[in-house]
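# Residue-level structural notes
Read off the chains here:
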Amino acid sequence: MQRVVILGSTGSIGVSTLDVIARHPDRYQVWALTCQQSIDKLRQQVELFRPRVVVIGDADAARQAREQFRAIDPQLEVLQGSDAMEAVAAAPEVDTVMAAIVGAAGLEPTLAAVRAGKRVLLANKESLVMAGPLFMQAVRQSRSTLLPIDSEHNAIFQCMPVQHREGLEQCGVRRILLTASGGPFREASLEQLQTVTPAQACAHPNWSMGQKISVDSATLMNKGLELIEACYLFDTAADRVEVVVHPQSIVHSMVEYVDGSVLAQLGNPDMRTPIAHGLAWPQRVESGVSSLDIISHARLDFSAPDIERFPCLRLAREACAAGGTASTVLNAANEVAVQAFLDGRIGFLAIAELIEKVLSACDFYEPIDIAAVKSADAQARDKAVALLP
Ligand code: NAD
Ligand code: MG
């Protein structure tokens, strides 16, 4: 029986994780759930999964939950705040941690799980983008098992040889082909992009996801973050990772070998597949995802991304090449810009413009510890906020 903590259980990934877990009560037991403030959803999850602990970020929401949840389970511990999230992620009772908080807030709880040597299912790509070298060093030191949940990285992991941690060169890997749906505005002109609304940006054609990653998918920053994520996860340089636009989202990514073989992982676009893979690896379990009807799909298209219309991809490549805190700054500026777009303060095209300005206003350095990463993150946020209209 694996005891599982879900960080960010009320979000899109959290809900999909619980859906998979519910299919296998003999294999997985939910030990803790965490969320920022959506306690109505959390209450339903508590009723169904009966965790031992819940952690809520927001203090008011935690107070309300303490009163409300007592009636469901008087034994349930209701904790509050980010320190408590780190504590449950590292608790000795726990085997597996699903890291599904959105954004920079996920870094420290995810790292706490890594440092405690847990099996970590990584959905929170921002933590790798912010602190890749320190994060991967912690993985090696603690011998934590890190399993990628982002569908592309999970696909790449599935197409890699078992011994890929010894180095891609030694394993005969030539390059990684990272697929991108192209988002809702794949065919939109620059002129049309000027006036798109948050609702349009959040309506992804293939995937149902939280708001932040939906906007990231629309700007292609999601692919930029994933490029950086891939470099850290598979210890490779950015020029070995090619982004390929594939609007059907059936091929979730590919790995090319020196002999010319290209291995791909295919499936319906449903996050329960990579989640089930991460939960059960190296075994396989049912995920609830229907069989791929490849005949009805009939054709799969591939093309190069357009960096003119989607400059976020170029900014991410540049930040990746610059190294050090450049990708920390990229991530922080993006989080501020996306929130400002969702709040109606800036237009869609201003997201990339703001990030570019913040990147050119910041000095980058090699962070020696997480405090240095947090300081680069905070400075970039301050600069981004100051540049908002
Ligand atoms: P979401 O917005 O649906 O859910 C986010 C979760 O994090 C919620 O439970 C929320 O309560 C919690 N949260 C938000 N702010 C927090 C804070 N400050 N402190 C603690 N908890 C906080 O997001 P999502 O779509 O489920 O994405 C989660 C992560 O997984 C992101 O990093 C995203 O990039 C990644 N991811 C998501 C998908 C997807 O299909 N949704 C796919 C690949 C990767
Ligand atoms: Mg992805």
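Right above here is the structure, for reference.
Note that the coordinates shown come from a computational prediction; the quantities given were computed from them, not determined experimentally. (Residues numbered from 1 in each chain as written. Chains lettered and ligands numbered in written order. Predicted model: local features only at pLDDT ≥ 70, side-chain atom pairs only at ≥ 80, totals over all residues. Heavy atoms only, no water.)

## Concerning the overall build of the chain
For clarity, the threshold we go by: Elements are defined by DSSP. Helices are runs of H or I of four residues or more, strands are runs of E of two residues or more, and each kind is numbered from the N terminus. We take the radius of gyration over the C-alpha atoms and set the globule estimate at 2.2 Å times the residue count to the 0.38 power. Here's how the labels work: a residue is buried when its accessible area is under 20% of the maximum for its type, exposed when over 50%, partly exposed in between, all with a 1.4 Å probe on protein chains only. The contact rule is simple, with two residues in contact once any of their heavy atoms fall within 4.5 Å. Here the open area of atoms and residues is found with the Shrake-Rupley method and a 1.4 Å probe, where only the protein chains shown may cover a residue. Counting rule for charge: Lys and Arg are taken as positive, Asp and Glu as negative, and neither His nor the chain ends is counted. Where a charge lies is defined by one atom per residue type, namely NZ (Lys), CZ (Arg), CG (Asp) and CD (Glu).
Counting secondary structure elements, the chain contains 17 helices and eleven strands. What you see for the chain is a C-alpha radius of gyration of 20 Å, in line with the 21 Å of a compact globule of 389 residues. Based on the C-alpha atoms only, the size of the chain along its principal axes is roughly 55 × 50 × 45 Å. Each of the 389 residues in the chain was classed as buried or not, and the buried ones make up 57%. In the chain, once contacts between residues fewer than 6 apart in sequence are set aside, the share between residues at least 24 apart is 70%. On the chain, roughly 16700 Å² of surface is accessible, and the fraction owed to carbon and sulfur atoms is 49%. In the chain, 34 positive and 45 negative side-chain charges are present, and the distance between their average locations comes to 4 Å.

## Overview of the coordination of the magnesium ion (ligand 2)
Stated formally: In this description, a donor is an N, O or S atom within 2.8 Å of the metal centre, a cutoff extended to 3.2 Å for sodium, potassium and calcium. Water is not part of the atom list, which can make sites seem incomplete.
Protein coordination at the magnesium ion (ligand 2): the donors are D150 (OD), E152 (OE) and E226 (OE), at 2.1 to 2.2 Å from the metal. Within one chain, the residues donating to the magnesium ion (ligand 2) are spaced in sequence as D-x1-E-x73-E. One end of the pair, E152, is in helix α7 (residues 151-159); the other, E226, is in helix α11 (residues 221-233), with 74 residues separating them in the sequence. Judged by relative accessible area, E152 falls into the buried class, the value being 8%.

## Thoughts on the site of ligand 1
Defined as follows: Any residue with a heavy atom lying within 4 Å of a molecule or strand is counted as near it. Contacts described as polar in this section are N or O atom pairs within 3.5 Å, which, within protein, must combine one atom able to donate a hydrogen with one able to accept it, while residues neighboring in sequence count only if both atoms come from side chains.
Taken together, 22 residues lie near ligand 1, and T10, S12, I13, Q36 and E126 sit nearest. The backbone of S12 places a nitrogen or oxygen atom 2.9 Å from an oxygen atom of ligand 1. Backbone polar atom of G210 to an oxygen atom of ligand 1: 2.9 Å apart, as the coordinates give it. Protein burial of ligand 1: of its 820 Å² of free accessible surface, 85% is covered by the chains.

## With respect to the packing of α11 against helix α14 (residues 311-322)
Here is the rule: What counts as an axis is a line fitted to C-alpha atoms, over the stretch in contact for a helix, and the angles between N-to-C directions run from 0 to 180 degrees. Any angle that is under 35 degrees is reported as roughly parallel, and any over 145 degrees as roughly antiparallel; angles of 65 to 115 degrees are reported as roughly perpendicular and all others as oblique. Crossing handedness is read from the near helix: turned anticlockwise from the far helix by less than a right angle, it gives a left-handed crossing, and turned clockwise, a right-handed one. Three classes are used, and their members are as follows: Ala, Val, Leu, Ile, Met, Phe, Trp, Tyr, Cys and Pro are nonpolar, Asp, Glu, Lys and Arg are charged, and the others, Gly among them, are polar.
Contact geometry for α11 and α14: axes closest at 7 Å, N-to-C directions at 25 degrees. Between α11 and α14, the angle falls in the class roughly parallel. In terms of crossing hand, the pair formed by α11 and α14 is right-handed. Residues M221, K223, G224, L225, L227, I228 and C231 of α11 touch α14, and the partners they reach there are C312, L313, A316, R317 and C320. Partitioned by chemical class, the residues of the contact of α11 with α14 number nine nonpolar, one polar and two charged.

## With respect to the sheet that holds strand β10 (residues 251-257)
Put simply, the rule is: In this scheme, strands are said to pair when DSSP sees at least two bridges between them.
Taken in spatial order, the four strands line up as β9-β8-β10-β11 in an open sheet, and their pairing is mixed. For this open sheet the edge positions go to β9 (241-245) and β11 (262-266), each flanked by a neighbour on one side alone. With direction set aside, neighbouring strand axes in the sheet form an average angle of 20 degrees. Pairing between strand β8 (residues 173-180) and β10: four bridges, direction antiparallel. By the bridge assignment, V173 is partnered in β10 with Y257. Seen against the sheet, α11 touches β8 and β9 and runs at an angle of roughly 155 degrees to β8.

## Thoughts on unusual backbone geometry
With an omega dihedral of 5 degrees, the bond running from W281 to P282 counts as a cis peptide bond. Mapped onto the elements, P282 comes out in the loop between α12 (272-280) and α13 (294-297). Positive phi, close to 50 degrees, is recorded for D235, a residue that is not glycine. Among the structural elements, D235 can be located in the loop between α11 and β9. In this structure D235 comes out as exposed when scored by relative accessible area, which is 69%. Positive phi is not limited to glycine here, since S249 has a value of about 50 degrees.

## Quick look at helix α17 (residues 370-387)
As a reminder of what qualifies: Every helix has an expected span of 1.5 Å times one less than the residues it contains. When we speak of the arc, we mean the arc of directions from the helix axis to the C-beta atoms.
With 18 residues, α17 should reach 26 Å at 1.5 Å per residue; the first-to-last C-alpha distance of 26 Å fits that figure. Those residues of α17 lying buried are I370, A372, V373, A376, D377, A380 and A384. Down the axis of α17, the buried set is contained in an arc of 160 degrees. They therefore lie on one face. α17 presents A371, D382 and A386 as exposed residues on the side facing more than 90 degrees away from its buried surface. The inward-facing, buried residues of α17 abut α5 (107-115), α6 (125-142), α15 (326-342) and α16 (349-361).

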